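# Reading the structure
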Amino acid sequence: GYNMNMNSGSQSGGSGAGGLRSRPRRATGEGTGVGYEAGSGYEPYIVTDVRAQMQGRTNTVYIRIPFEVTDPTRLKSLTLKLRYDDGFLAFLNGTPVASANLSASAAWNDPASAGHDDSAAVIYEPFNVSGYLSSLRPGANILAIEGHNAGSTSSDLLFQALLEATETDPASTATDDEANTWVE
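To keep things clear, this report deals only with the structure shown in the data block. (Residues numbered from 1 in each chain as written. Predicted model: local features only at pLDDT ≥ 70, side-chain atom pairs only at ≥ 80, totals over all residues. Heavy atoms only, no water.)

### Structural notes on the nonpolar core
- Leu80 and Phe88 are the most contacted members of the largest nonpolar core, which totals 31 residues.
- Going through the elements one at a time, β4 (33-37), β6 (60-69), β7 (75-85), β8 (87-92), β9 (95-100), β11 (139-148) and β12 (156-167) are the ones with two or more residues in this core.
- Among all residues touching phenylalanine 88, those that are not within four sequence positions of it are Leu80, Leu82, Ala98, Ser99, Ala100, Leu102, Phe127, Ile145, Glu146, Gly147 and Phe159.
- Judged by nonpolar contacts, the second largest core, of five residues, contains Tyr45, Ile46, Ala121 and Leu158. (Core = buried A, V, L, I, M, F, W, Y, C linked by side-chain atoms within 4.5 Å. Buried < 20%, exposed > 50% of the residue type's maximum accessible area, 1.4 Å probe, protein only. Helix = DSSP H or I, 4+ residues; strand = E, 2+ residues; numbered from the N terminus. Contact = heavy atoms within 4.5 Å.)

### Remarks on the pattern of salt bridges
- The tally for this structure, following the rule as stated, stands at one salt bridge.
- Of the charged contacts, one joins lysine 81 and glutamate 164 as a salt bridge, the two residues approaching to 3.4 Å between their closest N and O atoms. One end of the pair, lysine 81, is in strand β7; the other, glutamate 164, is in strand β12, with 83 residues separating them in the sequence. (Salt bridge = Lys/Arg side-chain N within 4 Å of Asp/Glu carboxyl O.)

### Quick word on the side chain of histidine 116
- Mapped onto the fold, histidine 116 is located in the loop between β9 and α2 (118-121).
- For histidine 116, a relative accessible area of 13% translates into the label buried.
- The contacts of histidine 116, once residues within four sequence positions are left out, are Tyr84, Asp85, Asp86, Asn101, Ala121 and Glu125.

### Structural notes on the environment of valine 97
- Considering the arrangement of structural elements, one finds valine 97 in strand β9.
- On the accessibility criterion, valine 97 (10% relative accessible area) is buried.
- Spatially, the C-alpha atom of valine 97 lies 9.8 Å from that of leucine 143, the residues being 46 residues apart in sequence.
- With near-sequence residues (within four places) excluded, valine 97 lies in contact with Ala90, Phe91, Leu92, Val129 and Tyr132.

Structure follows, in structure tokens:
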């Protein structure tokens, strides 16, 4: 199995035939998210602080996370797990795959249709995106997140993604209790 941090490039275990690899970045650990915190609570999760660019100016942030997949035909399931405050639209290689708390128009500059409580926002919420496995291609891929805040004057914002995949033949690279995952 493999655990892949898409921002840090750190890996444990083997990559397997369907191996998912990231492009290295400096961030490590829990603090690999995008957002800002005017009070306290999200600091452990944020490396890219966008407060100066967003607070009092805009509701929306765009995040692009490059990653690589060796052989997408070997993958049988894919789950996007997201810490988010307040709403989002996620894309795999340009295909919309998941969303939460978007307005009916889903316009790029609309505020989120609802807040996402801070205590819930720090817990990864799973979204089954297995129906979009065909959007993955061998080599370079992009997970993009259009993040929406409840308002431009909000005191905080958080987006941190985890993609979790299982292979069609995990016995070749993992024991039964190992997860094949890649993160952020």
